[in-house]
Amino acid sequence: MKADILTIFPGFFSGPLDHGITRRAREMGLAKIEVHDLRQFTHDKHRTVDDRPFGGGEGMVLKPEPIFDCLQPLGLALREQRLAGTAKESVILLSAQGQRFTQQVAAELALLDRIVLVCGRYEGVDERVADFLADRELSIGDYVLSGGELAAAVIIEAVMRLLPGAVGNEASTRQESFTAREKVGEVTENEAADSTCGSGGLLDYPHYTRPADFRGMTVPEVLLNGDHQEIRLWRRQRALEKTLRNRPDLLESVELSDEDAKVLARIKRDRK
Ligand code: SAM
């Protein structure tokens, strides 16, 4: 996969791209990430990237020219082809007003050959970028950041770890929190018990490692007895409990098995 990031703060990315799985994906040649400095696409001596908004109002707005000029030589397919899905590329504008970035969107993006992330700043970006250049606007959550750089780093990390080969144990990315339920079926019972995750569609279940007794805080007995079926049931129950407690909204879209439904009914009864 190729990823391009358009920003007025290129130095911001030297940290996030140089660690962990993103670094590994780059070193393994699974991903090539290029950061483009929008100031290099300005034509005045002050390298101006922003201007006052038409109609008045607070703050400054990122000008369209540097963004259009930076994107033009990147050799992307036409916007119509990208939108029709005939080109496996997407130009994404980071925006608090965008659609919510989720694990499902990360999985969609991981299937593409190329993503371009445009980072806004100030009061935002001239709307013509959203209307005529970007294919979609994505938000990483219902809060306002000062710029799109952190959001771009979040998206890069979430997408890179889904590239085949980027994570050592691929079963782990198939079963993490929010992962579509059907993927769980691809994992055998033993894998589900052995792998580090296994809560498809729900939040992940709790994880423990050595020591089994840490300052009097002990690991649940069930995880030490080697009974895979019992471990699987226990993990599923904990995942259901945690989802009910922290993200009950997820339960509305998850397809629950009969066993899940019974466990959930019991958990709800016990909570009363
Ligand atoms: N005036 C805008 C609004 O009220 O929606 C906020 C602009 S914000 C201060 C500047 C830039 O930060 C945005 O153009 C966008 O690129 C980025 N940004 C802020 N919050 C974001 C979020 N939740 N997700 C993605 N990008 C965000």
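All values derive from a computational prediction rather than experimental measurement.

The rules behind the values
- Residues numbered from 1 in each chain as written.
- Predicted model: local features only at pLDDT ≥ 70, side-chain atom pairs only at ≥ 80, totals over all residues.
- Heavy atoms only, no water.
- Patch = residues over 30% accessible without salt bridge, like charges linked within 9 Å, V, L, I, M, F, W, Y side chains within 5 Å.
- Areas by Shrake-Rupley, 256 points an atom, 1.4 Å probe, with all protein chains shown as cover.
- Salt bridge = Lys/Arg side-chain N within 4 Å of Asp/Glu carboxyl O.
- Helix = DSSP H or I, 4+ residues; strand = E, 2+ residues; numbered from the N terminus.
- Buried < 20%, exposed > 50% of the residue type's maximum accessible area, 1.4 Å probe, protein only.
- Arc of directions from axis to C-beta.
- Contact = heavy atoms within 4.5 Å.
- Pairing = 2+ DSSP bridges.
- Near = heavy atom within 4 Å.
- Polar contact = N/O pair within 3.5 Å; in protein donor to acceptor, adjacent residues only side chain to side chain.
- Nonpolar A, V, L, I, M, F, W, Y, C, P; charged D, E, K, R; others polar.
- Axes fitted to C-alpha atoms, helices over the stretch in contact; angles between N-to-C directions.

Colleague: Give a description of a nonpolar patch on the surface that names residues and reports values.
Modeller: Side chains of Phe-9, Phe-12, Tyr-143, Leu-145 and Leu-150 sit close together on the surface and give an oily, nonpolar patch of about 450 Å² of accessible area. The residue Tyr-143 is located in the loop between strand 7 (136-139) and helix 6 (149-160) in this model.

Colleague: Explain helix 4 (residues 103-110) residue by residue, including any values.
Modeller: Considered for burial, the residues of helix 4 that qualify are Val-105, Ala-106, Leu-109 and Ala-110. The buried residues of helix 4 occupy one face: seen down the axis, they fall within an arc of 140 degrees. In this structure, the buried residues of helix 4 make contact with strand 5 (89-100), strand 6 (114-118), strand 7 and helix 6.

Colleague: Let's hear about the pairing of strand 1 (residues 2-7): which residues, and what values?
Modeller: Burial within strand 1 is extensive, with six of its six residues counted as buried. Judged by which residues are buried, strand 1 turns out to be covered on both faces: Lys-2, Asp-4 and Leu-6 on one side and Ala-3, Ile-5 and Thr-7 on the other are all buried. Sheet topology places strand 1 next to strand 2 (residues 32-37); six bridges connect them, and they run parallel. Within the sheet, the bridge partner assigned to Lys-2 lies in strand 2 and is Lys-32. As paired elements, strand 1 and strand 6 share five bridges and run parallel to each other.

Colleague: Quick rundown of the site of the ligand? Include the residues and the values.
Modeller: Near the ligand you find 20 residues, and of these Leu-94, Gln-97, Gly-120, Glu-123 and Tyr-143 are the closest. With respect to the ligand, the backbone of Gly-141 contributes an N or O atom lying 3.0 Å from a nitrogen atom. Within the complex, 85% of the 580 Å² of free accessible area of the ligand lies under protein. Mapped onto the shell around the ligand, the elements with two or more residues apiece are strand 5 and strand 7. If one sorts the elements of the shell around the ligand by residue count, strand 5 sits on top with four residues. Each residue belonging to the shell around the ligand can be placed in one class, and the counts come to nine nonpolar, nine polar and two charged.

Colleague: Explain the sheet that holds strand 5 to me, and be specific about the residues and the numbers.
Modeller: Across the sheet, five strands lie side by side as 2-1-6-5-7; this open sheet has parallel pairing. Each of the sheet's edge strands pairs with one partner strand only, and the pair in question is strand 2 and strand 7. Each neighbouring strand pair of the sheet contributes to a mean axis angle of 30 degrees, computed without reference to strand direction. This element, helix 2 (residues 64-71), spans strand 1, strand 2, strand 5 and strand 6 of the sheet and lies at about 155 degrees to strand 1.

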